[in-house]
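# Breakdown of the fold
So the chains spell out like this:
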Amino acid sequence: MILKSLKESRRLLLVTHVRPDGDAIGSILALGRGLSLMGKTVRLYNESPIPAIFRFLPGIEQIVSDPGPLSDYDTAVALDCSDLSRVGGLADAVSRIPTLINIDHHLTNTGFGAHQMIDPAASSTGELVYQILMDLGIAIDSAMAYAIYTAIFTDTGSFLFQNTNPKAFYICGRMVELGVNSYTVAQKLFATYSLGRLKLLNMVLDTIQISRNGKLSVMYLTQEMLRETETSVDDINGLVNYAKHIEDVQVAVLIQESQRLPGGGDRSHYHVSLRSNGPVDVAAIAESYGGGGHSGAAAYTTYTSLAEIKKNVFRLSDIF
Ligand code: AMP
Ligand code: MN
Ligand code: MN
């Protein structure tokens, strides 16, 4: 049904989640380019700024924060969104576009949209986009190959995470055959840090607390730390994983103070990232706080205080 619907569409708006990661960005770029090559009018939308590390991707400038009048589109495609609200402020307006397609791999996907391709066994949404491009008979060029490779490479944590599956290796191998320089991607994404990021890492590591049973680690990051190290949200990517590497730790938590929302008043809000190295399903925990994700990586947003969040999080360690 997805394929038929995509073939019949003429003017498409592709959307993905706020604070986009490599999977969100790679998926939207690859599918967008494929559909454009089929002669369709395609616009790529994201509410948030695109992190600097992804700016090497061909076509990245086509992801815009202004979709124009939504009445222009006959079809919307949501990529890597477990819930349409992940799109941000435009979610309601997007839901009114006549045909809504949902392509995702989150366990917690709500099943929104008229047509869906949801596969929690997929390593990434990029893997699903590759399948769709193949099924549509689109020849993958080097720009699409870089996008798909980046989607899979980032969502599997460079093939370190448990979602790494044979297809992830197979597709990435094909993308290298089609022109991706894997060394270039690795350098761009994971090997080039500003001094500020290292200083930020130092500050965040200094906040580590471990639960009494040793199975949970909690760190936090404040807006003040970003100011002091002259870093930005771009530099936060991946920090949560450091606390997961500690011996015996099963769940790592990073509580991140978010920027105040325009008109949001004085209240801080926090993005809480959860990572599990196995037995504990952090998607279920995030879901209970109104968030979502995968069993090994999930997150939620909250307006409660830092002290309260820490208290709640440490209480979790009693159950595992
Ligand atoms: P993060 O900790 O921000 O890297 O997010 C980890 C995982 O949780 C990713 O797969 C996200 O797509 C998902 N996620 C992040 N924030 C939210 C949220 N507020 N609601 C639902 N899912 C989220
Ligand atoms: Mn994502
Ligand atoms: Mn993903």
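Residues numbered from 1 in each chain as written. Chains lettered and ligands numbered in written order. Predicted model: local features only at pLDDT ≥ 70, side-chain atom pairs only at ≥ 80, totals over all residues. Heavy atoms only, no water.

### What to know about the site of ligand 1
- Close to ligand 1 lie 13 residues, the nearest being His106, His271, Ser273, Arg275 and Gly292.
- Here an oxygen atom of ligand 1 sits 2.6 Å away from a polar atom, N or O, in the side chain of Ser273.
- Between ligand 1 and Arg275, the relevant distance is 2.8 Å, taken from an oxygen atom to a side-chain nitrogen or oxygen of the residue.
- Mapped onto the shell around ligand 1, the elements with two or more residues apiece are strand S10 (270-276), strand S11 (292-293) and strand S12 (297-302).
- Of the residues forming the shell around ligand 1, the biggest block, four residues, is contributed by S12.
- Class assignment for the residues of the shell around ligand 1 results in three nonpolar, eight polar and two charged. (Near = heavy atom within 4 Å. Polar contact = N/O pair within 3.5 Å; in protein donor to acceptor, adjacent residues only side chain to side chain. Helix = DSSP H or I, 4+ residues; strand = E, 2+ residues; numbered from the N terminus. Nonpolar A, V, L, I, M, F, W, Y, C, P; charged D, E, K, R; others polar.)

### Observations concerning the coordination of the manganese ion (ligand 2)
- The coordination sphere of the manganese ion (ligand 2), as far as protein atoms go, consists of His17 (NE2), Asp21 (OD), Asp21 (OD) and Asp80 (OD), spread over 2.0 to 2.8 Å.
- We note that the donor set of the manganese ion (ligand 2) lies within a single chain, spaced as H-x3-D-x58-D.
- Between the manganese ion (ligand 2) and the manganese ion (ligand 3) the interatomic distance comes to 3.7 Å, and Asp80 is a ligand of both metals. (Donors = N, O, S within 2.8 Å, 3.2 Å for Na, K, Ca; no water.)

### Considering the sheet that holds S12
- In space, the six strands of this open sheet follow the order S7-S8-S9-S10-S12-S11, with mixed pairing throughout. Here the strands that pair on one side only, and so sit at the sheet edges, are strand S7 (209-210) and S11.
- Across seven bridges, strand S9 (residues 251-257) lies against S10 in antiparallel orientation. Along S10, the bridge assignment pairs Leu254 with Ser273.
- Where helix H8 (residues 195-205) meets the sheet, its contacts fall on strand S8 (216-221) and S9, and the angle it forms with S8 comes to roughly 130°.
- With respect to the sheet, helix H12 (residues 306-316) is in contact with S7, S8, S9, S10 and S12, its orientation differing from that of S8 by roughly 165°. (Pairing = 2+ DSSP bridges. Contact = heavy atoms within 4.5 Å. Axes fitted to C-alpha atoms, helices over the stretch in contact; angles between N-to-C directions.)

### Some words on a nonpolar patch on the surface
- Together, Tyr193, Leu195, Leu198, Leu205 and Tyr242 line one region of the surface with nonpolar side chains, adding up to about 460 Å² of accessible area.
- For the nonpolar patch, the element with the highest residue contribution is H8, accounting for three residues.
- As for its position among the elements, Tyr242 is in helix H10 (residues 239-242).
- For Tyr242, a relative accessible area of 31% puts it in the partly exposed group. (Patch = residues over 30% accessible without salt bridge, like charges linked within 9 Å, V, L, I, M, F, W, Y side chains within 5 Å. Areas by Shrake-Rupley, 256 points an atom, 1.4 Å probe, with all protein chains shown as cover. Salt bridge = Lys/Arg side-chain N within 4 Å of Asp/Glu carboxyl O. Buried < 20%, exposed > 50% of the residue type's maximum accessible area, 1.4 Å probe, protein only.)

### Quick look at the environment of Val180
- Turning to its location among the elements, Val180 is positioned in the loop between helix H6 (166-177) and helix H7 (182-191).
- Taking the C-alpha atoms as reference points, Val180 and Tyr146, 34 residues apart in sequence, are found 5.6 Å from one another.
- When sequence neighbours within four positions are dropped, the list of residues in contact with Val180 reads Ala145, Tyr146, Tyr149, Met175 and Val185.

### Structural notes on the coordination of the manganese ion (ligand 3)
- The coordination sphere of the manganese ion (ligand 3), as far as protein atoms go, consists of Asp23 (OD), Asp80 (OD), His105 (NE2) and Asp155 (OD), spread over 2.1 to 2.3 Å.
- For Asp23, a relative accessible area of 0% corresponds to the buried category.
- Judged by relative accessible area, His105 falls into the buried class, the value being 2%.

### A few points about the packing of helix H4 (residues 125-135) against helix H5 (residues 142-155)
- Interaxial distance between H4 and H5 falls to 8 Å at its minimum, and their mutual angle equals 145°. Judged by residue contacts, Gly126, Glu127, Tyr130 and Leu133 of H4 engage Met144, Ile148, Ala151 and Ile152 from H5.
- The class makeup of the residues in the contact of H4 with H5 is six nonpolar, one polar and one charged.

### Overview of the domain arrangement of the chain
- Assigned domains within the chain: domain 1 (2-190) and domain 2 (195-319).
- Distance from the C-alpha centre of domain 1 to the C-alpha centre of domain 2: 26 Å.
- Contacts between domain 1 and domain 2 engage 11 residues on the former and 14 residues on the latter.
- Together, the buried faces of domain 1 and domain 2 total about 970 Å²; carbon and sulfur atoms form 49% of this surface.
- Its largest share of buried area at the contact with domain 2, domain 1 owes to Arg19, Leu107 and Thr108, together 45% of the area lost on that side.
- Joining domain 1 to domain 2, the criterion identifies zero salt bridges.
- Viewed at the interface, domain 2 and domain 1 are joined by three residue pairs in polar contact (both at pLDDT 80 or more). (Domains from an automatic or database assignment. Buried area = accessible area lost by both parts, 1.4 Å probe.)

### Here's the deal with the pattern of salt bridges
- Under the definition given, this model contains four salt bridges.
- A salt bridge links Asp141 to Arg33, with the shortest nitrogen-to-oxygen separation between them at 2.5 Å. Residue Asp141 is located in the loop between H4 and H5, and its partner Arg33 is located in helix H2 (residues 22-37); the two are separated by 108 residues in the primary sequence.
- Arg33 gets classed as partly exposed once you look at its relative accessible area, which sits at 35%.
- Residues Lys311 and Glu308 are paired through a salt bridge, measuring 3.8 Å at the closest nitrogen-oxygen approach.

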